[in-house]
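# Structural features, examined
Here is what each chain is made of, one letter per residue.
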Amino acid sequence: MKKKIVIETIIFFTYALFAMSWVAGSTLTLDIMGHFGIDTMADATWLNNAITLSKIVGNLAAAWFLVKLRPKKAFALASVLITCGVIGAFAPSYTVYVASRFVMGFGGALVIVYFAPIVVRYFGPEERPLVNGINAAAFNTGNLLALLFTGALVSWLGTWQNVTLAISAVSGLLLVIWWVLSEDFDLGGQGTDNTAKSAEYTLKEGFREPVNWWLPITYSGLLFCYISIFALFPLMPDFAAKATHLSAIMIAAGMAGTVAGIISANRYPLRIPVIRFSGLCMTACAATMVLTSNPGIAYATAFLAGFFMFLPMPALTTLPQELPGMTPGRITVVFSMFWSISYLIETLLMYLAGAMADATGNISIAAYFAVACSSTFFLASFFLPETGRQEDPSSTLTAEEAS
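### Description of the packing of helix α4 (residues 46–83) against helix α8 (residues 160–181)
- Packing of α4 against α8 leaves a shortest axis separation of 9 Å and a crossing angle of 170 degrees. Between α4 and α8, the interaxial angle falls into the category roughly antiparallel. In contact with P71, K72, K73, F75, A76, S79, V80, I82 and T83 of α4, α8 contributes S168, S171, G172, L175, W178 and W179.
- For the contact of α4 with α8, a count of residues per class yields eight nonpolar, five polar and two charged.

### Some details on helix α10 (residues 211–231)
- Across its 21 residues, α10 extends 30 Å between first and last C-alpha, which sits within 8% of the 30 Å expected from 1.5 Å per residue.
- Along α10, the largest kink reaches about 25 degrees and is centred on S220.
- Buried residues dominate α10, accounting for 15 of its 21 residues.

### Some details on the packing of helix α12 (residues 272–291) against helix α13 (residues 295–310)
- Two elements in contact, α12 and α13, have axes separated by 8 Å at closest approach and are oriented at 155 degrees. Relative to α13, the element α12 lies roughly antiparallel. For the pair α12 and α13, the crossing hand works out as left-handed. Residues F277, S278, C281, M282, C285, A286, T288 and M289 of α12 pack against I297, A298, T301, A302, L304, A305, F308 and M309 of α13.

### Observations concerning the packing of aromatic side chains
- In the structure shown here, the tally under the stated rule is 26 aromatic pairs.
- Taking the centre distance of 5.3 Å and the plane angle of 45 degrees together, the rings of Y15 and F18 count as tilted. Of this pair, Y15 and F18 both sit in helix α1 (residues 2–27), three residues apart, which is roughly one turn of the helix.
- Arranged with centres 5.9 Å apart and planes meeting at 65 degrees, the rings of F224 and F369 form a pair that is edge-to-face. Taken together, the residues span a long stretch of sequence, with F224 in helix α10 and F369 in helix α16 (residues 363–373) at a distance of 145 residues.
- Residue F224 is classed as buried on the basis of its relative accessible area of 0%.

Reading the values: the criteria
Residues numbered from 1 in each chain as written. Predicted model: local features only at pLDDT ≥ 70, side-chain atom pairs only at ≥ 80, totals over all residues. Heavy atoms only, no water. Axes fitted to C-alpha atoms, helices over the stretch in contact; angles between N-to-C directions. Helix = DSSP H or I, 4+ residues; strand = E, 2+ residues; numbered from the N terminus. Parallel < 35°, antiparallel > 145°, perpendicular 65-115°, else oblique. Contact = heavy atoms within 4.5 Å. Nonpolar A, V, L, I, M, F, W, Y, C, P; charged D, E, K, R; others polar. Expected span 1.5 Å × (residues − 1). Bend = angle between axes of the 7 residues up to and from the residue. Buried < 20%, exposed > 50% of the residue type's maximum accessible area, 1.4 Å probe, protein only. Left-handed = near helix turned anticlockwise from the far one by under 90°. Phe/Tyr/Trp six-rings, centres within 6.5 Å; stacked < 30°, edge-to-face > 60°.

Here it is, written out as structure tokens:
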């Protein structure tokens, strides 16, 4: 019991510190631009674009690294790549700094995929909704740490380079603890249907299963809407909420939604109704947020939209772990596809939103498009299998039939 709690703590804070480094770098954009002599926002966007692109590639490569290196070394590699963010503190040019962000993002992409096999290995079915909910809050935790401490760290340490060094040093400490305490484990073994399963579940097999496509399609609309709340909504000329308040509101909403989601996943046996209801409420709240001219309503619906974005995450991430025959090796492939395809779709949707705004000369069109796309969380849920405990098994499509 003590060991798995320590393991969970390590993987949680490894990703939280990655998120903190990501957000802190974004917060210090003007300082970084000044240091490297960057004077266009187009060039500055690569601070985030590098990480986004690395996550698409890294998520898909995660399963290959896990099979080749085994869990202990694979997660250690991911941690090493995250600590490579320290290279940015000594970068001689902006190109090298962006490259360091790409490498750091690649490590973060591996870590978020490795959450799933580690949870399947160390935690029983009754514990997984709680642990999945906690892990879903890792990015928000890092975001909160960045907002609370970046300014204080700059004041204390003097420069953005020293802030980068400090965050990387703590990530390096977690890497050492992981290497000392972790162990390798079989990627196959007994599946969730109590039959022996091989570790050799490949991406080729994963691409053949419809459920592995519907999961990221479901999540992509939520992800696009979440990013748009910060990137597109504040650009609307008549947006009622102030951008400076949105981060705090979304962090608070995310924390509240995560707690509610954990409670729901533990007490309520079915997954699909929670996902479907949350998706419908999220889209309705996001639509109200962009259409209202009342600041009070805008802030309230922003909180509710964030709440319903995080409420279903324990159910959504637990669902594939409950599919028949699930093993650590297979779940790694499932989540490799999940995160990579989700971010790829989000990137394409964001490009389309920008193109629509340019073509019409109206940024509000892009915001409305993001709200419309968020409906995939509701609509695609009709194509997901129900894996929770059911009183009448014949009333819902089984996971094997869906696949």
